[in-house]
Amino acid sequence: MPPSPLTASSPYRLLAEQALSRAAGAPLLGGNAAELLIDAEAHYAAWLAAIRGARRSVLLENYIIRDDAVGRTFRDALAERARAGVFVAVVADWMGCLGQSGAAFWRPLREAGGEVRVYNPPRLGLSFGWISRDHRKTLVVDGERGFLSGVCISAKWLGDPRRGVPPWRDTGVALRGPVVAELAAAFADSWRLIGAPLPEGVPAAASPVPAGDVALRLIATQPATAGMYRLDQLVAAMARRTLWLTDAYFVGVAPYVQALASAARDGVDVRLLVPGSSDIPVVAGLSRSGYRPLLKAGVRVFEWNGSMLHAKTAVADGQWARVGSSNLNLASWLGNREIDVAVEDAGFAGQLAAQYERDLENATEIVLSPRRRHRGEKVRSSSGQRPARPHRGGGSSGRAAAGALRLANSVGAVIADRRVLGDTSTTPLAASVGLLAAIAVVALLWPAIVAWPLAVLVAWLALNLGVRAWRQYRRQRSPAADEPD
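Just so it is clear, the structure is predicted and the values come from calculations on it, not from any experiment.

Undergrad: Tell me what's going on with the overall build of the protein, and back it up with residues and numbers.
TA: Scanning the protein from terminus to terminus reveals 14 helices and 16 strands. Of all 485 residues assigned to the protein, the portion counted as buried reaches 46%. By sequence separation, contacts in the protein at least 24 residues apart represent 82% of the contacts at least 6 residues apart. Accessible surface, the protein: about 23900 Å² in total, of which carbon and sulfur atoms supply 59%.

Quick look at the structure:
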């Protein structure tokens, strides 16, 4: 088999490096150390140890920081460092923290001298500006140690042992070396968007001495830049042997599904691991609706059997790996501030691949069921065996047979770690029909119930457009006002 362009010894190395750098908008940085962190317990222990040992600065950016036991532990650790004279700055997302934590939660940190800023609350003049979110999860301590992850600061990630709820499955990385300066610069950019920039010299520049031999790229994406999307597409096109993906909220847009399908048809071992049960059920439904074209192309799809799979990782050809906050959907690719690290190192990629195989031990593979009437392309089960064509049943016996088939599928999934994907799920269609019909009935019988929310929405849009028009008018008038008579 020819060497992969992603491997360091490949003759395509320079071309691959140029393509990856241009796609991601991030250069390849050498001299780093990268350590995998698996699940929230390991994350919280490493993060808190770094914060408590801070001497000069702590820069924390996270989508959700919740007012619970975990959140209060972090807040109190930050406050203690702030009282000791350490510069402490926190960026939290407005929507992520909505109903999770508020001004009262942050008061002890602010009183201790720490600074907290909230990213992108709703503002007049920006009707839908609030849609863009800061989905990053990073920590930089003293400009020397950096952390990047999919883990938020909430006890939810630890599960609930009293109720038998296992911890969420998530992945992050601890970093040292030149990449930490890039991580701090990404935080500084978020901080500057909300208010005044960081003070001069924060964080203090660390020594340029290499911390290891790992080469990587830090990809700090912003709304509409699509750097991570371009990189994901490129890696799918360049992979030669394997491409193993884990994603919490996969919604397969056509171009990316086509890229994965093309790789699988070309002989690449493409695998996708997604949650079996999600904290956002509607996303899980959208994810499942896109399984069929992937499965038909030869992509293997697995659903996690635990409480929630929240990791966002990729590993290709045993050489390239990605860990971070970006999901495989349009919100992450185009709408949010995200941050990921793409590592080009066989040792790190091997660790992530080994973790992937361990994760599959707690997952159920999804396979296609054969069609009862074959027209054109024949779809077989993953075993390659065509089962006998079932006879069509009717009445109660038909319903009993269907129930027995569903039971058999469920039992078979437990025994074989495989679940059969039916021909076409009618549940999303039926739900859509029911919702639209209900709205139509309400609009006919009680039109005010529909009219009032619509009027509020239109009024909100009109107000924001009016504010923008006034601001534009003021900007246009201000130069003329300053001119002498």
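Undergrad: Run through the nonpolar core, naming residues and quoting values.
TA: Ile65, Val90 and Leu109 are the most contacted members of the largest nonpolar core, which totals 43 residues. Listing elements by their share of this core, those giving two or more residues are α2 (39-52), β2 (57-62), α3 (69-83), β3 (87-93), α4 (103-111) and β5 (137-141). Those residues in contact with isoleucine 65, other than ones at most four positions away along the chain, are Leu60, Val90, Ala92, Cys97, Gln100, Ser101, Phe105, Trp106 and Ile153. Core analysis: the second largest hydrophobic core is formed by 42 residues, Ala34, Tyr119, Leu309 and Val343 among them.

Undergrad: Tell me about the pattern of salt bridges, residues and numbers included.
TA: All chains considered together, the criterion is met by 19 salt bridges. Aspartate 160 is the partner of arginine 163 in a salt bridge, and the nearest nitrogen-oxygen pair spans 2.9 Å. Residue classification places aspartate 160 among the buried residues on the basis of a relative accessible area of 16%. One salt bridge in this structure joins aspartate 189 and arginine 337, with 2.7 Å as the shortest N-O distance.

Undergrad: Provide a residue-level description of the environment of isoleucine 366, including the pertinent values.
TA: The residue isoleucine 366 is located in strand β15 (residues 363-368) in this model. By relative accessible area, isoleucine 366 is classed as buried at 1%. When the C-alpha atoms of isoleucine 366 and leucine 295 are compared, they prove to be 8.3 Å apart, with 71 residues separating the residues in sequence.

Undergrad: If you had to explain the packing of α2 against α3 to someone new, which residues and values would you point to?
TA: Interhelical geometry of α2 versus α3 gives an angle of 15° and a closest axis separation of 9 Å. Here α2 lies roughly parallel to α3, going by the angle between them. For the pair α2 and α3, the crossing hand works out as left-handed. Between α2 and α3, the residues in contact are Tyr44, Trp47, Leu48, Ile51 and Arg52 and Val70, Thr73, Phe74, Ala77, Leu78 and Arg81, respectively. Looking at the contact of α2 with α3 residue by residue, the classes come out as eight nonpolar, one polar and two charged.

Undergrad: Pulling in residues and values, what's your account of the side chain of aspartate 134?
TA: Turning to its location among the elements, aspartate 134 is positioned in the loop between β4 (115-119) and β5. This buried residue, aspartate 134, is left without a salt bridge; arginine 136 holds the nearest opposite charge, at 4.6 Å. Setting aside anything within four residues of it in sequence, one finds aspartate 134 in contact with Glu61, Tyr63, Val91, Asp93, Tyr119, Ser190 and Arg337.

Undergrad: Kindly report on the confidence of the model for the protein, identifying the contributing residues and their values.
TA: Averaged over all residues, the pLDDT of the protein equals 85, while 82% of them reach at least 70. The low-confidence segment residues 373-412, where pLDDT is below 50, has 23 contacts with residues more than four positions distant or belonging to other chains.

Undergrad: For helix α5 (residues 179-194), give the residues involved together with the corresponding values.
TA: Compared with the 22 Å implied by 1.5 Å per residue over 16 residues, the 24 Å span of α5 between its first and last C-alpha is a close match. Burial in α5 covers these residues: Val179, Val180, Leu183, Ala184, Ala186, Phe187, Ala188, Asp189, Ser190 and Trp191.

Undergrad: Go over the packing of aromatic side chains with me, naming the residues and quoting the values.
TA: In the structure shown here, the tally under the stated rule is 10 aromatic pairs. Ring plane angle 75° and centroid distance 5.6 Å describe the contact between tyrosine 44 and phenylalanine 74, whose orientation is recorded as edge-to-face. Linking tyrosine 44 in helix α2 with phenylalanine 74 in helix α3, this pair joins segments that are 30 residues apart in sequence. Each of the two residues, tyrosine 44 as well as phenylalanine 74, counts as buried. Among the aromatic residues, ring-to-ring pairing joins Tyr44, Trp47 and Phe74 into one connected group.

Undergrad: Which residues make up the state of the cysteines, and what values go with them?
TA: If you walk through the whole model with that rule in mind, you get zero disulfides. Sulfur of cysteine 152: no disulfide; nearest cysteine sulfur belongs to cysteine 97 and is 8.4 Å away. Residue cysteine 152 is classed as buried on the basis of its relative accessible area, which comes to 1%.

Undergrad: Let's hear about the packing of helix α6 (residues 227-238) against helix α7 (residues 254-265): which residues, and what values?
TA: It is at 9 Å that the axes of α6 and α7 come closest, and there the two elements cross at 20°. Considering the angle they form, α6 stands roughly parallel to α7. The hand of the α6/α7 crossing is left-handed. Contacts between α6 and α7 pair Tyr229, Asp232, Gln233 and Ala236 from the former with Pro255, Tyr256, Ala259, Leu260 and Ala263 from the latter. Residues that form the contact of α6 with α7 fall into these classes: seven nonpolar, one polar and one charged.

Undergrad: An account of unusual backbone geometry is needed here, citing residue identities and associated values.
TA: Excluding glycine, most residues fall at negative phi; most peptide bonds, likewise, are trans. The omega torsion across valine 202 and proline 203 is -5°, close enough to zero to call that bond cis. Along the chain, proline 203 falls in the loop between α5 and β8 (214-221). The phi torsion at alanine 226 lies on the positive side, around 60°, for a residue other than glycine. With respect to the helices and strands, the residue alanine 226 is situated in the loop between β8 and α6. Unusually for a residue other than glycine, aspartate 317 sits at a positive phi of about 55°. Among the structural elements, aspartate 317 can be located in the loop between β12 (313-316) and β13 (320-324).

Calculation criteria
Residues numbered from 1 in each chain as written. Predicted model: local features only at pLDDT ≥ 70, side-chain atom pairs only at ≥ 80, totals over all residues. Heavy atoms only, no water. Helix = DSSP H or I, 4+ residues; strand = E, 2+ residues; numbered from the N terminus. Buried < 20%, exposed > 50% of the residue type's maximum accessible area, 1.4 Å probe, protein only. Contact = heavy atoms within 4.5 Å. Areas by Shrake-Rupley, 256 points an atom, 1.4 Å probe, with all protein chains shown as cover. Core = buried A, V, L, I, M, F, W, Y, C linked by side-chain atoms within 4.5 Å. Salt bridge = Lys/Arg side-chain N within 4 Å of Asp/Glu carboxyl O. Axes fitted to C-alpha atoms, helices over the stretch in contact; angles between N-to-C directions. Parallel < 35°, antiparallel > 145°, perpendicular 65-115°, else oblique. Left-handed = near helix turned anticlockwise from the far one by under 90°. Nonpolar A, V, L, I, M, F, W, Y, C, P; charged D, E, K, R; others polar. Lys, Arg positive; Asp, Glu negative; His and termini not counted. pLDDT = per-residue confidence, 0-100. Expected span 1.5 Å × (residues − 1). Phe/Tyr/Trp six-rings, centres within 6.5 Å; stacked < 30°, edge-to-face > 60°. Disulfide = S-S within 2.5 Å.

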